[in-house]
Amino acid sequence: MKKYFIPLIIALGITYYANAQQAPKNDQPVSKSRILKVDSATVTKHTVTIKGQVVPYTATAGSIPVWDEDGRPIAGVFYTYYERDDVTDRTNRPLVISFNGGPGTPSVWMEIGYTGPRLLNIDEEGYPVQPYGIRENPNSILDVADIVYVDPVNTGYSRAVSKDIPGSKFYGVNEDIKYLAEWINTFVTRKGRWASPKFLIGESYGTTRVSGLALELQNSQWMYLNGVILVSPTDLGINRSGPVQSALSLPYFAATAWYHGMLSADLQAKDVTAVLPEVEDFTINELIPALSKGGFIDDASRKAIAAKMSRYSGLSEKFLLQNNLDVSASQFWKELLRDKGFTIGRLDSRYKGIDKQDAGDGVDYNAELTAWLQAFTPAINIYLRGELNYKTDLKYNMFGPVWPWDNNNNRTGENLRQAMAQNPYLHLLIQSGYFDGACDYFNAKYSLWQLDPSGKLKSRLKWEGYKSGHMLYLRKGDLATATENLRTFIRESTPKPGQAAKY
């Protein structure tokens, strides 16, 4: 057997090599329709009716380069820019610069789901409907501010100019912040918006991005902001570990259990906003101290804590005790409705999923994300090509390859605090959905509390909660309320003419 095996391998190798040598070489040039034009734009004219008022606007869809140190383009960043037409003086006209997260997703979510002039077709709770497509957004903030939606490299249509450009130029907490700050400088200069009040809004990982950009724009671009808006924020690099990290999820568990009718009758009879303060108080004043004792908590206290956690989470005391009073979010998504045959969503726990097996500790898929991709993907492709007339055969990356992502040295919460300390004009608004299990509302509150330990910036910090999930704007009622709150924040954060930036 050994006698014939090696010659056979050699013979097969020679045959493969000969066939490979004879394979036809593809000498065709790469199709221009599959290459991003790194410095280009398409301009169209539109109107939208917002709050009963007709607003004419110009939409620009295109790409502006990212340059290396020698001025050579290394990438094109795709953007869509909406500018109200009936404004003659833009020196007092706010500019909102919008990012989403991932970190590998484009700005599609807030562009056609939240603040832009066009809105995707979904039902009143945010679920997909057919036919897919878009319609007017009567709640768009375009009436009070111009908006640019930015897609970082490898998201949406944004691309590096060559495969030889290393991803490390873009893919990391601080790398991302650095090149996007340079890009924003170019955009603001080209569009003549240096005099305008400026606001950053980010969702999910986009909150990490804009928190870091607030300081980077000040320190490296000498560009000062009026406001930063964090929608469903990450932890912003603010430390939380051990008992604190374990405990902070309980209020989110309570909100979700309330939504699914899994709490006791007396709690279910209340509105969720009336239930949560009680849970928050227990979390801070009883649960964290109890978890801090670890295995040395006495049995009676352990059982008492388990009973209260069960009351607030919808989970059984037995399950909580089996997990040493420390249940992860992923366990919760699987356990809460296990006996009913459902899992619940990560980014929005109102959504239900069905797993192959009811057993196990984790869900098979994110029920909410598949629903969102089903609605948003056709809508943005229809919109960009059809209404904005941006023609390309590039794939619009709803989730682009941006890995490995360097998460080291994430100090974005501290960056934001320092930016606010340096700039008396700068205000912060945080918006959270009660049913968001990825960037939960109580962790967002905790970040707000820890952002400024001195308490001296407190008057410029604000948090808001909504009866929705990660994309809090997908519920029709919350969309109207949240956009109106954005209007209020923009107006209140824009100083009166001549009002000095000083303490």
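Residues numbered from 1 in each chain as written. Predicted model: local features only at pLDDT ≥ 70, side-chain atom pairs only at ≥ 80, totals over all residues. Heavy atoms only, no water.

## Things to note about the overall build of the protein
The condition is simple: Secondary structure follows DSSP: runs of H or I at least 4 residues long count as helices, runs of E at least 2 residues long count as strands, and numbering of each begins at the N terminus. For a compact globule the rule gives 2.2 Å times the number of residues to the power 0.38, and the radius of gyration it is set against comes from C-alpha atoms. Each residue gets one of three labels from its accessible area relative to the maximum for its type: buried under 20%, exposed over 50%, partly exposed in between, using a 1.4 Å probe on protein chains only. Whether two residues touch is decided by their heavy atoms; if any such pair falls within 4.5 Å, the residues are in contact. Using a 1.4 Å probe, the Shrake-Rupley method yields the accessible areas, and only the shown protein chains count as cover for residues. For this count, His and the chain ends are skipped, Lys and Arg are scored as positive, and Asp and Glu as negative. Positions of charges follow a simple convention, taking NZ of Lys, CZ of Arg, CG of Asp or CD of Glu.
Secondary structure assignment for the protein yields 15 helices and 14 strands. Taking 2.2 N^0.38 as the reference for a compact globule, 503 residues should give roughly 23 Å; the C-alpha atoms of the protein span a radius of gyration of 25 Å, in line with that estimate. Considered along the principal axes of its C-alpha atoms, the protein spans approximately 90 × 75 × 45 Å. Counting only residues that meet the buried cut, the protein has 54% of its 503 residues in that class. Within the protein, residue pairs in contact and separated by at least 24 positions form 71% of the contacts whose partners lie at least 6 positions apart. Summed over its atoms, the accessible surface of the protein is roughly 22,500 Å², and 53% of this surface lies on carbon and sulfur atoms. Each charge class in the protein can be summarised by its mean position, and for the 55 positive and 53 negative side chains these summaries are 3 Å apart.

## Considering the pattern of salt bridges
Just so we agree on the cut-off: Should a side-chain nitrogen of Lys or Arg be within 4 Å of a carboxyl oxygen of Asp or Glu, the pair is scored as a salt bridge.
Under the counting rule described, the total for this entry stands at 30 salt bridges. Notably, a salt bridge pairs Glu 83 with Arg 193, separated by 3.7 Å at the nearest N-O pair. Taken together, the positions of Glu 83 in strand β3 (residues 73-84) and Arg 193 in the loop between α3 (173-190) and β9 (198-204) put the pair 110 residues apart, joining distant regions of the chain. No difference in accessibility class separates Glu 83 from Arg 193, as the two residues are buried. One salt bridge connects Glu 278 with Lys 270, and the closest N-O pair in it is separated by 3.9 Å. Overlapping salt bridges bring together Glu 83, Arg 90, Arg 93, Asp 146 and Arg 193 as one network.

## Some details on the pairing of β9
Applied cut-off: Here, a strand pair is defined by DSSP locating no fewer than two bridges between the strands. Note on handedness: a clockwise path from strand one over the helix to strand two, with the strands aimed away from the viewer, defines a right-handed crossover.
The buried fraction of β9 is high, at 7 of 7 residues. Where strand β4 (residues 95-99) and β9 come together, 5 bridges link them in parallel fashion. Paired with Val 96 across the bridge in β9 is Phe 199. Where β9 and strand β10 (residues 227-233) come together, 6 bridges link them in parallel fashion. Bridge assignment links Ser 204 to a residue of β10, and that residue is Pro 233. Running through helix α4 (residues 205-220), the crossover from β9 to the neighbouring parallel element β10 is right-handed.

## As for the packing of helix α2 (residues 108-115) against helix α12 (residues 367-387)
For any two helices packed against each other, one specifies the inter-axial angle together with the distance between the axes. This is how the line gets drawn: To obtain each axis, a line is fitted to C-alpha atoms, and for helices this fit is confined to the stretch in contact; angles are then taken between N-to-C directions over 0 to 180 degrees. Any angle between 65 and 115 degrees counts as roughly perpendicular, while under 35 counts as roughly parallel, over 145 as roughly antiparallel, and the rest as oblique.
Across the interface, α2 lies against α12 with an axial gap of 10 Å and an inter-helix angle of 90°. Considering their axes alone, α2 and α12 lie roughly perpendicular with respect to each other. Facing Val 108, Trp 109, Glu 111, Ile 112 and Gly 113 of α2, the residues of α12 in contact are Trp 372, Leu 373, Phe 376, Ala 379, Ile 380 and Tyr 383.

## Section: the side chain of Thr 412
In plain terms, the rule: Two N or O atoms count as a polar contact when they lie within 3.5 Å, although within protein this holds only if one can serve as hydrogen donor and the other as acceptor, and sequence-adjacent residues are included solely when both atoms are side-chain atoms.
Take Thr 412: it is sitting in helix α13 (residues 412-422). Residue classification places Thr 412 among the buried positions, given a relative accessible area of 0%. Here the side chain of Thr 412 touches Leu 236 through a polar contact of 3.3 Å, landing on its backbone oxygen. Separated by 2.8 Å, the side chains of Thr 412 and Asn 410 make a polar contact. Look past the residues within four positions of Thr 412 in its chain and what remains in contact with it is Val 173, Ile 177, Thr 208, Ser 211, Gly 212, Leu 236 and Gly 237.

## Looking at the confidence of the model for the protein
Note the cut-off: Confidence scores here are pLDDT values: one per residue, from the predictor, ranging 0 to 100.
In the predicted model, the protein carries a mean pLDDT of 94, and 95% of its residues have values of at least 70. Low pLDDT, under 50, characterises residues 1-20; the stretch is placed with 0 contacts to residues that sit more than four places away or in other chains.

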